[in-house]
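Each chain, written out:
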Amino acid sequence: MSEKLWGGRFSENTDAAVEAFSSSIDIDKRLYHHDVEGSIAHCRMLAKCEIIGQDEAETLIRGLEQIRVEIESGGFAFLDRLEDIHMHIEHRLAEIVGSTARKLHTGRSRNDQVATDIRLWLRDMTRQLLGGLHHFRKALVDMAESHIGVIMPGYTHLQRAQPILFSHYLMAYYEMFTRDAHRFEDGLKRINILPLGSAALAGTTYPIDRDYVADLLGFIGVSGNSIDAVSDRDFIIEFLGAASICMMHFSRLSEELVLWSSSEFGFVVIPDAFSTGSSIMPQKKNPDVPELVRGKTGRVFGSLVAVLTTMKSLPLAYNRDMQEDKVPLFDAADTLCACVDIYTRMFPALKINAPVMEGAVQTGYMNATDLADYLAAKGMPFREAHGCAGEAVRYAMEKNTELHELDIDELRSFSDLIQEDIFNLLTPRAMIERRCCFGGTSTGNVLEAIKRAHEQLAEDALILIEP
Ligand code: ARG
């Protein structure tokens, strides 16, 4: 018989190369805390249902607590031949409490155990992430509030398009990261379901009480199908999907910070504490933080594709392939947390170069739409007005001047609907303030959006303090 916990039907020991190859302990030892929590709840339930004695449960729980302390103090030996964290803990439990340890796995399989551990871990990780995102969203709103007067060009195709408030731009990211947070929060509903009690795949013959375990572990429900519970990892894929979308948002913001901190734009200065220099070019200051966040986005997308690909075509129920879910999950979660954290630190330290932003609004014919709108408001069909304003732009370009610098006679040569009042409408400030339909860039709207955001943040803080 092999020495393994599962060694009964084996006549020879596992090849050392296979042990090394199949071991996941380096990765899944991170689940130790949740594995101990899950096992303690399982013990309590076994005793309550009189499947094991109360004294036996006490012994097992004391042993499990001791193991947790040993792992936390660094005094625990991890060995490849014990495969994973579940085997390590059970093996050590036998050393501490003797043969009673053999009762811990009653009515349970590593298949429902690992699914439980990952759900517990991911529930904590999601809450931690929601906390981090909450701080970052607040940093965006605070910056929008403190820079409310600053005007900048809004872009389409990276060409100057129309003037906007810088705060309106910031609040666009607030909306994106708020949806991200809500996606993670929504995913919690599906993560927070107890698979334990599904055993290997078909359920167990023991008279267990799954609701009791769910209560002890704070799950909001119990899985309804044992095959599904041990074999799907869609909750991980959902988390990685939400993480990928969130990183996509970070990468767009990062791209803009890289561009905007260049001498060509000069809109923002990334403080020295968040930049590095070049080892060869003494004049350089590089925007490493946004560049790295942009780069790490690829890693997180890769994690999503890795787990999707691992799960694709797997027959029901558990397959060992699924052990490969943890590397991408842990890596993506750590990466995203690190990005949220560094952005939350860097953002309030950014220096916004308002005069440069505002200067960029003075040129580029960004008031052409407003000239067209003016003509349309006076009765000219919009398409015709568009053509008329276009001709005015071409004329001004040829004269190397801007629309608002043409005199009234020049403007009237394109349409006699144009009168002196046009000049009040062609300033960046007027263009911004007139865009006051809900969701537009006018100061009143943006202040309202900031107010709503504070209310939303206060409401979203409530989930953070839930257990
Ligand atoms: N280390 C395994 C994993 O992460 C635990 C489950 C093993 N189950 C099994 N039947 N071999 O998936």
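Treat the numbers as computed from the prediction; the structure is a model and nothing was measured.

If you tally the helices and strands in the chain, you get 19 helices and 6 strands. Taken over the C-alpha trace, the chain has a radius of gyration of 30 Å; the compact-globule value for 467 residues is 23 Å, which it surpasses by more than 25%. Along the first, second and third principal axes, the C-alpha atoms of the chain reach 100 × 55 × 40 Å. When the 467 residues of the chain are sorted by exposure, 50% land in the buried category. Taking as baseline every contact in the chain between residues at least 6 positions apart, the subset at least 24 positions apart corresponds to 74%. Only carbon and sulfur atoms are counted for the fraction: they give 54% of the accessible area of the chain, which is about 22,100 Å².

The next thing to look at is the site of the ligand. Every residue lining the ligand is accounted for by Ser24, Asp84, His86, Arg110, Asn111, Val114, Tyr318, Gln323 and Lys326. Within the side chain of Asp84, a nitrogen or oxygen atom sits 2.8 Å from a nitrogen atom of the ligand. Between the ligand and the protein, one listed contact pairs an oxygen atom with a side-chain N or O atom of Tyr318 at 2.5 Å. Calculation on the ligand without its partners gives an accessible area of 340 Å², and the protein chains cover 86% of this total. Sort the elements by how many residues they give to the shell around the ligand and helix H6 (residues 110-146) lands first, with 3 residues. In terms of residue class, the shell around the ligand is built from 2 nonpolar, 4 polar and 3 charged.

Two strands pair when backbone bridges link them, and strand S1 (residues 151-156) and strand S2 (residues 159-165) are joined in this way by 6 bridges, in the antiparallel orientation. Bridged to Ile151 within S2 is Leu165.

A few words now on the nonpolar core. Residues Phe166, Phe184 and Phe347 are the most contacted members of the largest nonpolar core, which totals 113 residues. Looking at this core, the element that brings in the most residues is H6, giving 14 residues. Those residues in contact with Phe166 that sit more than four places away from it in its chain are Met143, His147, Val150, Met152, Trp260, Ile352 and Met357. If you look at the next biggest cluster of nonpolar residues, it comprises 22 residues, including Ala372, Ala396, Ile408 and Leu425.

On to the side chain of Arg137. Structurally, Arg137 is set in helix H6. Using a relative accessible area of 2% as the deciding quantity, one classes Arg137 as buried. At a separation of 2.7 Å, a polar atom in the side chain of Arg137 contacts the side chain of Asp460. Once residues lying within four places of it in the same chain are set aside, the contact partners of Arg137 are Tyr174, Phe177, Thr178, Ala181, His182, Gln456, Leu457 and Asp460.

Let us now look at a nonpolar patch on the surface. Nonpolar side chains collect at one region of the surface, where Leu201, Ile227 and Leu316 lie side by side and expose about 280 Å² of accessible area between them. Mapped onto the fold, Ile227 is located in helix H9 (residues 226-231).

We now examine the packing of helix H14 (residues 368-377) against helix H15 (residues 382-398). It is at 8 Å that the axes of H14 and H15 come closest, and there the two elements cross at 135°. One way to sum up the angle between H14 and H15 is to call them oblique. The two elements H14 and H15 meet at a crossing, and its hand is right-handed. Judged by residue contacts, Ala368, Leu371, Ala372, Asp373, Leu375 and Ala376 of H14 engage Phe382, Ala385, His386, Cys388, Ala389, Ala392 and Val393 from H15. Within the contact of H14 with H15, the residues separate by chemical class into 11 nonpolar, 1 polar and 1 charged.

It is worth spelling out unusual backbone geometry at this point. A cis geometry characterises the amide bond from Leu316 onward to Ala317, with omega recorded as 5°. Along the chain, Ala317 falls in the loop between helix H11 (288-311) and helix H12 (326-346). For Glu50, which is not glycine, the phi torsion reads 60° and is therefore positive. Within the fold, Glu50 resides in the loop between helix H3 (32-48) and helix H4 (54-72).

Let us now look at the pattern of salt bridges. If the charged atoms of two oppositely charged side chains come close together, the side chains can form a pair. If you walk through the whole model with that rule in mind, you get 28 salt bridges. The closest approach of N and O atoms between Arg429 and Glu433, which form a salt bridge, is 3.3 Å. Here Arg429 and its partner Glu433 are both found in helix H18 (residues 428-433), 4 residues apart, which amounts to about one turn of the helix. According to the relative accessible area criterion, Arg429 is partly exposed, its value standing at 35%. It is possible to trace a salt-bridge network through shared partners that takes in Glu83, Asp84, Arg110 and Arg320.

Under the defined criterion, the tally for this structure stands at 18 aromatic pairs. Seen in terms of ring centroids, Tyr343 and Phe347 are 6.2 Å apart; in terms of plane orientation they differ by 35°. Their pairing is tilted. Given the relative accessible area of 0%, Tyr343 is considered buried. According to the relative accessible area criterion, Phe347 is buried, its value standing at 2%. The rings of Phe136, Tyr155, Phe166, Tyr169, Tyr173, Phe177, Phe250, Trp260, Phe265, Phe267, Tyr343 and Phe347 are connected pair by pair, giving a single aromatic cluster. Directly above the ring of Phe219 sits Arg123, whose terminal nitrogen or CZ lies 5.1 Å from the centroid.

Across its 27 residues, helix H10 (residues 234-260) extends 39 Å between first and last C-alpha, which sits within 8% of the 39 Å expected from 1.5 Å per residue. Burial of H10 is extensive: 19 of the 27 residues sit out of reach of the surface.

Conventions and cut-offs
- Residues numbered from 1 in each chain as written.
- Predicted model: local features only at pLDDT ≥ 70, side-chain atom pairs only at ≥ 80, totals over all residues.
- Heavy atoms only, no water.
- Helix = DSSP H or I, 4+ residues; strand = E, 2+ residues; numbered from the N terminus.
- Rg over C-alpha atoms; globule rule 2.2 N^0.38 Å.
- Buried < 20%, exposed > 50% of the residue type's maximum accessible area, 1.4 Å probe, protein only.
- Contact = heavy atoms within 4.5 Å.
- Areas by Shrake-Rupley, 256 points an atom, 1.4 Å probe, with all protein chains shown as cover.
- Near = heavy atom within 4 Å.
- Polar contact = N/O pair within 3.5 Å; in protein donor to acceptor, adjacent residues only side chain to side chain.
- Nonpolar A, V, L, I, M, F, W, Y, C, P; charged D, E, K, R; others polar.
- Pairing = 2+ DSSP bridges.
- Core = buried A, V, L, I, M, F, W, Y, C linked by side-chain atoms within 4.5 Å.
- Patch = residues over 30% accessible without salt bridge, like charges linked within 9 Å, V, L, I, M, F, W, Y side chains within 5 Å.
- Salt bridge = Lys/Arg side-chain N within 4 Å of Asp/Glu carboxyl O.
- Axes fitted to C-alpha atoms, helices over the stretch in contact; angles between N-to-C directions.
- Parallel < 35°, antiparallel > 145°, perpendicular 65-115°, else oblique.
- Left-handed = near helix turned anticlockwise from the far one by under 90°.
- Phe/Tyr/Trp six-rings, centres within 6.5 Å; stacked < 30°, edge-to-face > 60°.
- Lys NZ or Arg CZ within 6 Å of the ring centre and 35° of its normal.
- Expected span 1.5 Å × (residues − 1).

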